[in-house]
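# Summary of structural features
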Amino acid sequence: MKEPLNVLVLQGGGALGAYQAGVYESLAAHHAEPQWVVGTSIGAINAAIIAGNRPADRVEKLHQFWDLVAQPAPSLSLGAPISGSMMEAFGLGAAPIRGLLNPLVHQSQEWQTLLHGIDGFFSPRPGVLWRGLDTEVDPGEVSFYDTAPLEKTLSGLIDFDYLNAGPVRFTAVAVNVASSRPRYFDSLRDSEPITVKHVMASGALPPGFPPIHIDGQWYWDGGVSTNTPLDVVLQDSERRDMLCFMIDLWDDTEPVPRSLAKVMTREKTVRFASRSYELLQSHALRQDLRRAVRLLSEELERCGKSNTHIKHLAELGCGSRINVVRLVMKALRDDDQMKDIDFRRRTLAERWHAGRSDGDRALERKDWLRPLPPDTGLAIHELEQVEDHSATV
């Protein structure tokens, strides 16, 4: 009997993807390397770096990418220093002053990213705001930013010869712009080799980034269709035992918003979470039914009541078991609707640390090793969220 297939599924989420890198670092440290990595958008970039490097180099290459895109926190100058007597006169202390300035500094960084781009990732497209929204140009130029810097970065970080011939299967999810249908670029299934263009297609989120042209078709970010690339894994591997780590970047447990700013933040989270838990429940029902069919057919055969028709129906079932370990990144208290472009070095480090911590907790618990009822085909293991990861490292 084959060992369970280890799979890593990575959502899209821009700057939030540093959390995924932390989870992978934990998997590598615990010798739980995935045999298949599937990703959308930033998840596809992380997945390609993992699959496109030898095990000893993967964490370092992930660090190189995230160090490259990390931005220093901007400083706001208030002119003359504020004296203690002045603060006392206004009834303010140092802590309230910092509380007032922190959101401004945060928003300043986000606007800096929007205006200037990120070295090694994307740069503003000159003149795009002046040519008018209705001006027609080549499809590869219909965007606010140019992603040529990302192509150069990924080409330097990923060994595509190794990715296409290596031991880790790689799948990136994109969307065909003309047909609206999802496209799965797969190093195992596709006849053509995976290139940097396939990775970039999975991360071509409009209207910020341009579509990518591959084999006569234009492709956008897979998150436009579904941001949780789970279907491709479960449909492909439902007849083999599997251990799947599914890493969600959009926290589906945030409180009900009480301000318009929080409403916009929450709406974006709900939209990109892509109902991953509901997808899991649907696949669990299907896999449980398939396992029940297999068990029932085996019981009929033992009772001597099997025939050709029953054997044909039995083929619809399967006896494999899938364990899905779902890790959901806890939202930060100062997150806003542009948190996916919050590339501040401190924030990226915090998210990476949270991913490493959550990965360690999941691998120490090993919930998937617990006995399951005979008719369970797919088991979902939810890791409870914690806000302070310092005590869990």
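Residue positions are counted from 1 within each chain, in the order its sequence is given. Local features in this predicted model are restricted to residues of pLDDT 70 or higher, and side-chain atom pairs are both shown and tallied only at a pLDDT of 80 or more, whereas totals for entire chains, interfaces and linings draw on every residue. Only hydrogens and water are set aside; all other atoms, that is, all heavy atoms of the structure, feed into the side-chain values.

### Section: the overall build of the chain
Working definition: helices are DSSP H or I runs of at least four residues, strands are E runs of at least two. Numbering for both runs from the N terminus. In terms of helices and strands, the chain carries 13 helices and 11 strands. Relative accessible area decides the class of each residue, using a 1.4 Å probe on protein chains only: under 20% of the type maximum gives buried, over 50% gives exposed, and in between gives partly exposed. Scored against the burial criterion, the 393 residues of the chain give a buried share of 48%. The contact criterion used throughout is that any non-hydrogen atoms of two residues lie within 4.5 Å. The long-range fraction of contacts in the chain, counting pairs at least 24 apart against all pairs at least 6 apart in sequence, stands at 77%. Using a 1.4 Å probe, accessible areas were evaluated by the Shrake-Rupley method; residue-level cover was limited to the displayed protein chains. Just so you have it, the chain exposes about 19700 Å², and 57% of that area is on carbon and sulfur atoms.

### With respect to the side chain of R326
Secondary-structure assignment places R326 in strand β10 (residues 322–328). Separated by 2.9 Å, the side chains of R326 and D248 make a polar contact. When neighbours within four sequence positions are excluded, R326 is seen to be in contact with M246, D248, D252, S276, Y277, L280, H381, E382 and L383. Residues adjacent in sequence count toward polar contacts only when both atoms are side-chain atoms; beyond that, a polar contact is any pair of N or O atoms within 3.5 Å, and within protein one must be able to donate a hydrogen and the other to accept it.

### Some thoughts on the pattern of salt bridges
Salt bridges are counted wherever a side-chain nitrogen of Lys or Arg sits within 4 Å of a carboxyl oxygen of Asp or Glu. One pass over the structure, following the stated rule, counts 19 salt bridges. For R344, the salt bridge is made with D342, and the minimal N-O distance between the two is 2.9 Å. On the basis of relative accessible area, D342 is assigned to the buried category, the value being 1%. Each of the salt bridges in this network shares a partner with another, and the network as a whole consists of D358, R361, R365, D367, R370 and E384.

### Observations concerning the packing of aromatic side chains
Here the aromatic set is Phe, Tyr and Trp, taking the six-membered ring for Trp, and pairing holds for ring centres within 6.5 Å; pairs whose planes are under 30 degrees apart are stacked, those over 60 apart are edge-to-face, and all others are tilted. A complete count under the given rule lists 9 aromatic pairs for this structure. With a centroid separation of 5.3 Å and 85 degrees between ring planes, the pair formed by F65 and W66 is classed as edge-to-face. Using a relative accessible area of 0% as the deciding quantity, one classes F65 as buried. Taking 5.2 Å as the distance between ring centres and 70 degrees as the angle between the ring planes, the aromatic pair formed by F121 and F122 counts as edge-to-face. Members of the aromatic cluster, joined through ring pairs, are F65, W66, F121, F122, Y145, F209 and F343.

### Examining the environment of S276
Structurally, the position occupied by S276 is in helix α11 (residues 276–302). Residues within four places of S276 in sequence aside, it is in contact with Q11, T228, M246, D248 and R326.

### Notes on helix α2 (residues 42–51)
The buried count for α2 comes to 10 of 10 residues, which makes it a mostly enclosed element. When we look at burial in α2, the residues that qualify are I42, G43, A44, I45, N46, A47, A48, I49, I50 and A51.

### Digging into helix α1 (residues 18–29)
A helix is expected to span 1.5 Å multiplied by its residue count minus one. Helix length check: α1 (12 residues) gives 17 Å between terminal C-alpha atoms against 16 Å at 1.5 Å per residue, within 8%. In terms of residue burial, α1 counts as a mostly covered element, since 10 of its 12 residues are buried. Regarding α1, the residues found buried are A18, Y19, Q20, A21, G22, V23, Y24, E25, S26 and L27. Looking at the buried positions of α1, the neighbouring elements they touch are β1 (5–10), α2, α3 (58–69), β9 (242–248), β10 and α13 (345–365). The positive-phi residue at the C-terminal boundary of α1 is H31, with phi of around 55 degrees.

### A word on the pairing of strand β8 (residues 217–221)
The side chains of a regular strand alternate, first on one face of the sheet and then on the other. DSSP calls a pair of strands paired once it identifies at least 2 bridges connecting them. Pairing of strand β5 (residues 169–176) with β8 involves 3 bridges; the strand directions are antiparallel. Considered in β8, the bridge of V175 is made with W220. Of the strand pairs in this sheet, strand β7 (residues 212–214) and β8 are connected by 3 bridges, and their pairing is antiparallel. When the bridges of β8 are listed, I212 appears paired with Y219. Once β7 ends, the chain turns through 2 residues before running back antiparallel as β8, passing D215 with a positive phi of about 50 degrees.

### Let's talk about the environment of D252
Tracing the chain through its elements places D252 in the loop between β9 and α10 (260–273). Residue classification places D252 among the partly exposed positions, given a relative accessible area of 35%. C-alpha separation for the pair D252 and R275, spaced 23 residues apart in sequence, amounts to 9.0 Å. Excluding its chain neighbours within four sequence positions, the residues that come into contact with D252 are R266, R326 and V328.

### Details of the nonpolar core
With 71 residues, the main nonpolar core has L8, F65, W66, F170, F245 and F343 as its most contacted residues. Counting residues per element, this core draws most heavily on α2, at 8 residues. Once residues lying within four places of it in the same chain are set aside, the contact partners of L8 are Y24, L27, P34, W36, V37, V38, I50, F245 and I247. Ranked by size, the runner-up nonpolar core spans 17 residues in total, among them V38, V232, V233 and A284. Residues belong to one nonpolar core when they are buried, are Ala, Val, Leu, Ile, Met, Phe, Trp, Tyr or Cys, and are joined through side-chain atoms within 4.5 Å.

### Considerations on a nonpolar patch on the surface
Only residues above 30% relative accessible area that lack a salt bridge enter a patch, with like-charged residues linked at up to 9 Å and the nonpolar side chains Val, Leu, Ile, Met, Phe, Trp and Tyr linked at up to 5 Å. A surface patch of nonpolar side chains, about 250 Å² in accessible area, is lined by V293, L313 and L316. Within the secondary structure, V293 is located in helix α11. Owing to a relative accessible area of 34%, V293 belongs among the partly exposed residues under this scheme.

### Notes on unusual backbone geometry
In this structure, the amide linkage connecting P206 to the following residue, P207, adopts the cis form with an omega of -5 degrees. Positive phi values are uncommon outside glycine, yet D215 reaches one of about 50 degrees. Looking at where D215 falls in the secondary structure, it is placed in the loop between β7 and β8.

### Focus on the packing of α1 against α3
Axis geometry follows a simple rule: fit a line to the C-alpha atoms, using only the stretch in contact for helices, then measure angles between N-to-C directions, giving values from 0 to 180 degrees. In contact at an axis separation of 10 Å, α1 and α3 are set at 165 degrees when each is read in the N-to-C sense. In this view, α1 runs roughly antiparallel relative to α3, as classed from their interaxial angle. The two elements α1 and α3 meet at a crossing, and its hand is left-handed. Residues A18, A21, Y24, E25 and A28 of α1 touch α3, and the partners they reach there are R58, V59, L62, H63 and W66. Each residue belonging to the contact of α1 with α3 can be placed in one class, and the counts come to 7 nonpolar, 1 polar and 2 charged. Angles below 35 degrees are treated as roughly parallel, those above 145 as roughly antiparallel, those between 65 and 115 as roughly perpendicular, and all remaining angles as oblique. Here a crossing is called left-handed whenever its near helix is offset anticlockwise from the far helix by less than a right angle, and right-handed whenever the offset is clockwise. Throughout this entry, Asp, Glu, Lys and Arg are counted as charged residues, while Ala, Val, Leu, Ile, Met, Phe, Trp, Tyr, Cys and Pro are counted as nonpolar. The remaining residues, Gly among them, count as polar.

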